[in-house]
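Okay, here's what each chain looks like letter by letter:
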Amino acid sequence: MNQASHTFAGWGTRCFKVATLAVAALTFAATDIASAQTWCTVLEQAPDAAVVTDAAVRAKIVASGFPWRVRDNSSGIEMLLIPGGTFTMGCSASNSYVCNGDENPTHQVTLSKAFYLGKTEVTQAQWQAKMGSNPSAFKNYSDSPSRPVEQVSWNAIAAFNTATGLRLPTEAEREYACRGGTTTAFHSMPGYPNGTNDDSLLGIIAWYDSNSGGTTHAVAGKAANAFGMYDMSGNVREWCQDWYGGYSASPTTDPTGPTGSQFRVISGGSFWRTISEARSSIRSYNYADTGPRDDGFRAARTPTASDFADTDADGVPDFRDNCVNIANPSQADCDNDGIGDACEL
């Protein structure tokens, strides 16, 4: 397909496939549909107040200039924008359990850039569609496609991310996204907007050993946090980008962990681990080539200004120009995949 100019013939049908489409008085500059600007489909520009309940957080998302909710076109993963901010990283003990030594010292962390993070853990269906196989132990259930992929190593995930253009979150990004503005052991939940240290309430937000039945469950089955993230405290643990190492007490900005180690970081609780391993500050580690049956991951991406540029200053991001500015809306191709949207319903 010639992306510099393509046209829309008056084919009588609402369903069209773009190959060499003849122009009906409209050409688009290549910059309008450049592949760098089409990695995602925008689902919602502004944050939903019913999901992101904090007005200040919503304002930060809007101020970033990036859409709040998008779908990665390569993987089908739905992602939400996490605005930058400052938080205290490290130990937040629950009422019943103290922190492990490696959760201290607590320290101030600033994340200077907004980033996208998967609304849920990567599912078996999303993994198999990209990688062609499914390593999961729990893959023979009717709802397995919607369960998180597990038994994946850090190295295997690196191959997935190379294929999709995504990445793992840093440990700091993941803890910040898990907390969603809280300083407690467990993030916010219905009735507890500021989080809680009450271990008996964990089942509202997480699948863990006492309520999981010894198996994973379809993602997004428990309450989300204040950023709209699901399963941050259970279902499967999640690999992070960082090498594993000790914390420093000094404030830091955009930390990426030590420069090397034997192990990579794993965060969060899982379906077969106890309440004592589900707090927001919990951390673990493993060899990069190992994939235990309760280890999965959540994908991240750092947006850039060019992703959503508006070079023709028409108030519409370039990558959506052929969706909004087309003379015949029934022939729109909003995701720039060369297939008319009517075909994709």
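Cut-offs used in this document
- Residues numbered from 1 in each chain as written.
- Predicted model: local features only at pLDDT ≥ 70, side-chain atom pairs only at ≥ 80, totals over all residues.
- Heavy atoms only, no water.
- Pairing = 2+ DSSP bridges.
- Helix = DSSP H or I, 4+ residues; strand = E, 2+ residues; numbered from the N terminus.
- Buried < 20%, exposed > 50% of the residue type's maximum accessible area, 1.4 Å probe, protein only.
- Axes fitted to C-alpha atoms, helices over the stretch in contact; angles between N-to-C directions.
- Parallel < 35°, antiparallel > 145°, perpendicular 65-115°, else oblique.
- Contact = heavy atoms within 4.5 Å.
- Nonpolar A, V, L, I, M, F, W, Y, C, P; charged D, E, K, R; others polar.
- Salt bridge = Lys/Arg side-chain N within 4 Å of Asp/Glu carboxyl O.
- 1 Å grid on protein atoms, 1.4 Å probe; cavity = no way out; pocket = protein on both sides within 12 Å on 5 of 7 lines; lining within 4 Å.
- Points joined across faces, edges and corners; volume = space filled by probe spheres on them.
- Polar contact = N/O pair within 3.5 Å; in protein donor to acceptor, adjacent residues only side chain to side chain.

What about the sheet that holds strand E12 (residues 300–301)?
At step 1: Pairing is antiparallel in the open sheet, where five strands are placed in the order E1-E2-E3-E6-E12. Of all the strands in the sheet, just strand E1 (40–44) and E12 have a single pairing partner and so form its edges.
At step 2: The sheet contact formed by strand E6 (residues 115–118) and E12 spans two bridges and is antiparallel. Note that in E12 the partner of tyrosine 116 across the bridge is arginine 301.

Observations concerning the pairing of strand E3 (residues 78–82)
At step 1: Most of E3 is tucked away, with five of its five residues classed as buried.
At step 2: Burial along E3 is two-sided: Glu78, Leu80 and Ile82 facing one way and Met79 and Leu81 facing the other are all buried.
At step 3: Alignment of E3 against E6, held across four bridges, turns out to be antiparallel. Within E6, the residue paired with methionine 79 across the bridge is glycine 118.

A word on the packing of helix H2 (residues 124–131) against helix H3 (residues 154–164)
At step 1: At their nearest, the axes of H2 and H3 sit 10 Å apart, and the two run at 70° to each other. Of the possible angle classes, the one that applies to H2 and H3 is roughly perpendicular. Contacts from Gln126, Trp127, Lys130 and Met131 in H2 reach Ala156, Ile157, Ala159, Phe160, Ala163 and Thr164 in H3.
At step 2: Of the residues assigned to the contact of H2 with H3, the class counts are seven nonpolar, two polar and one charged.

Some words on the pattern of salt bridges
At step 1: Throughout the structure, instances matching the rule amount to 15 salt bridges.
At step 2: Arginine 283 is the partner of glutamate 171 in a salt bridge, and the nearest nitrogen-oxygen pair spans 2.6 Å. Here glutamate 171, found in helix H4 (residues 171–179), pairs with arginine 283, found in strand E10 (residues 283–286); they are 112 residues apart in sequence, far enough to count as distant. Considered together, glutamate 171 and arginine 283 belong to a single accessibility category, that of buried residues.
At step 3: Between arginine 273 and aspartate 294 there is a salt bridge, with its nearest N and O atoms 2.5 Å apart. Pair noted here: arginine 273 is in the loop between strand E9 (264–267) and E10 and aspartate 294 is in the loop between E10 and strand E11 (295–296), with a separation of 21 residues, a long-range link.

A look at empty space enclosed by the protein
At step 1: Using the criterion set out here, one finds one cavity of 30 Å³ or more in the structure.
At step 2: Size it by volume and the largest cavity reaches roughly 40 Å³.
At step 3: Around the largest cavity sit Glu171, Arg174, Glu175, Tyr247, Ser267, Ser280, Ser281, Ile282 and Arg283, which together line it.
At step 4: Looking at the lining of the largest cavity element by element, the count peaks at three residues for H4.
At step 5: Across the lining of the largest cavity, the residue classes tally to two nonpolar, three polar and four charged.

Points about the environment of proline 83
At step 1: When you line up the elements, proline 83 lands in the loop between E3 and strand E4 (85–89).
At step 2: When its relative accessible area of 3% is taken as the criterion, proline 83 is described as buried.
At step 3: Distance in space between the C-alpha atoms of proline 83 and isoleucine 61 is 5.6 Å, their sequence separation being 22 residues.
At step 4: Excluding residues that lie within four positions of it along the chain, proline 83 makes contacts with Val57, Lys60, Ile61, Ala114, Tyr176 and Phe227.

Quick notes on the side chain of threonine 182
At step 1: As for its placement among the helices and strands, threonine 182 is situated in the loop between H4 and strand E7 (237–243).
At step 2: Given the relative accessible area of 6%, threonine 182 is considered buried.
At step 3: Among the polar contacts listed, one links the side chain of threonine 182 to the backbone oxygen of arginine 179, at a separation of 2.7 Å.
At step 4: In this view, threonine 182 contacts His187, Ser188, Pro193, Asn194 and Gly195; residues no more than four positions away in its chain are not counted.

So yeah, pure geometry; function would need other evidence.
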